[in-house]
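A closer look at the structure
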Amino acid sequence: DVKVTQSSRYLVKRTGEKVFLECVQDMDHENMFWYRQDPGLGLRLIYFSYDVKMKEKGDIPEGYSVSREKKERFSLILESASTNQTSMYLCASSLGGQGGNSPLHFGNGTRLTVT
Amino acid sequence: AQTVTQSQPEMSVQEAETVTLSCTYDTSESDYYLFWYKQPPSRQMILVIRQEAYKQQNATENRFSVNFQKAAKSFSLKISDSQLGDAAMYFCAYRGPLYTGANSKLTFGKGITLSVRP
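Residues numbered from 1 in each chain as written. Chains lettered and ligands numbered in written order. Predicted model: local features only at pLDDT ≥ 70, side-chain atom pairs only at ≥ 80, totals over all residues. Heavy atoms only, no water.

Check the secondary structure of chain A and you find zero helices and twelve strands. Starting at the N terminus, the α and β elements of chain A follow one another as β-β-β-β-β-β-β-β-β-β-β-β. Against the 2.2 N^0.38 benchmark of 13 Å for 115 residues, chain A shows a C-alpha radius of gyration of 13 Å, consistent with a compact globule. Dimensions of chain A, computed from the C-alpha atoms along their principal axes, are close to 40 × 30 × 25 Å. Across chain A, contacts joining residues at least 24 apart in sequence account for 56% of those joining residues at least 6 apart. For chain A, the computed accessible surface area is about 5,400 Å², with 48% contributed by carbon and sulfur atoms. Taking the average location of the 15 positive side-chain charges in chain A and that of its 14 negative ones, the two points are 6 Å from each other. (Helix = DSSP H or I, 4+ residues; strand = E, 2+ residues; numbered from the N terminus. Rg over C-alpha atoms; globule rule 2.2 N^0.38 Å. Contact = heavy atoms within 4.5 Å. Areas by Shrake-Rupley, 256 points an atom, 1.4 Å probe, with all protein chains shown as cover. Lys, Arg positive; Asp, Glu negative; His and termini not counted. Charge placed at Lys NZ, Arg CZ, Asp CG, Glu CD.)

What follows is the structure, encoded as structure tokens:
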């Protein structure tokens with residue numbers, strides 16, 4: 001089974017802090033994703049990466065950056081946390097190549113609260 | 001940009017009955033992929049079922065099946081013999097044709113909360 005591990009389940013940070021959310025997958029997947037989940041808004045894509053050192057903006061990249069130095073690890077960075085970034089953050093991975101029907105495998109999520 | 005619409009925020013079903021969750025999407029592509037995901041209260045998202053647009057046959061996984069209407073851009077999920085463990089949030093998702101790695105993302109709907117009455 002694919003395992004996607006997010007480093008923290010709950011996180012509380014202060015406004016203005018730099019926040020790192022870490023995600024590791026163990027199945028050699030090419031693609032990795034960061035989504036944000038808010039009630040009534042569903043999942044919105046922040047950033048994704050389809051290869052090491054490659055990144056693509058999603059629908060809501062403002063206020064975030066990402067890093068993918070190794071294939072198995074994809075980090076989401078909040079440069080200066082703000083209260084409107086309080087949310088559930090979900091990391092996911094999937095096979096690359098021509099496997100269009102390859103599903104996303106999700107981590108357990110990180111509930112981030114910015115005060 | 002592609003959009004995925006789940007217009008019903010909540011639904012309820014009696015245990016052992018059948019329920020259908022609706023999903024529509026907007027795309028100009030002819031080749032794409034559709035998914036249904038389940039998120040139980042424990043919150044880990046898991047894949048329920050998937051469908052390739054080029055396949056006319058509706059996908060089936062045990063008690064879960066889809067009604068894929070390509071012309072109508074509709075992709076509904078039918079859950080038969082509903083069980084208490086089916087109570088969860090369900091998300092419909094779309095992926096476009098995989099011309100490049102940059103197209104590998106999934107676009108999700110807002111989700112529907114399904115409750116199951118014992």
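Before going further, it helps to spend a moment on the packing of aromatic side chains. A complete count under the given rule lists 16 aromatic pairs over all chains for this structure. On the basis of an interplanar angle of 70 degrees and a centroid distance of 6.1 Å, the ring pair of Phe106(A) and Phe108(B) is categorised as edge-to-face. Of this pair, Phe106(A) sits in strand 11 (residues 105-106) while Phe108(B) sits in strand 11 (residues 107-108), each in a different chain. Judged by relative accessible area, which is 3%, Phe106(A) ranks as buried. (Phe/Tyr/Trp six-rings, centres within 6.5 Å; stacked < 30°, edge-to-face > 60°. Buried < 20%, exposed > 50% of the residue type's maximum accessible area, 1.4 Å probe, protein only.)

The subject of this paragraph is the nonpolar core. Counting 26 residues, the largest nonpolar core has Leu21(B), Tyr25(B), Trp36(B), Phe75(B), Leu77(B), Ile79(B) and Tyr90(B) as the members making the most contacts within it. Counting residues per element, the ones that place at least two in this core are strand 3 (19-21), strand 5 (33-39), strand 6 (46-52), strand 8 (64-69), strand 9 (74-79), strand 10 (88-95) and strand 12 (112-117) of chain B. Of the residues forming this core, the biggest block, four residues, is contributed by strand 10 of chain B. Each residue touching Phe75(B), except ones within four places of it in the same chain, is listed here: Leu21(B), Cys23(B), Tyr25(B), Leu34(B), Phe35(B), Trp36(B), Gln51(B), Val66(B), Asn67(B), Phe68(B) and Cys92(B). Leu21(A), Cys23(A), Leu78(A) and Cys91(A) belong to the second largest nonpolar core, which has 20 residues in total. (Core = buried A, V, L, I, M, F, W, Y, C linked by side-chain atoms within 4.5 Å.)

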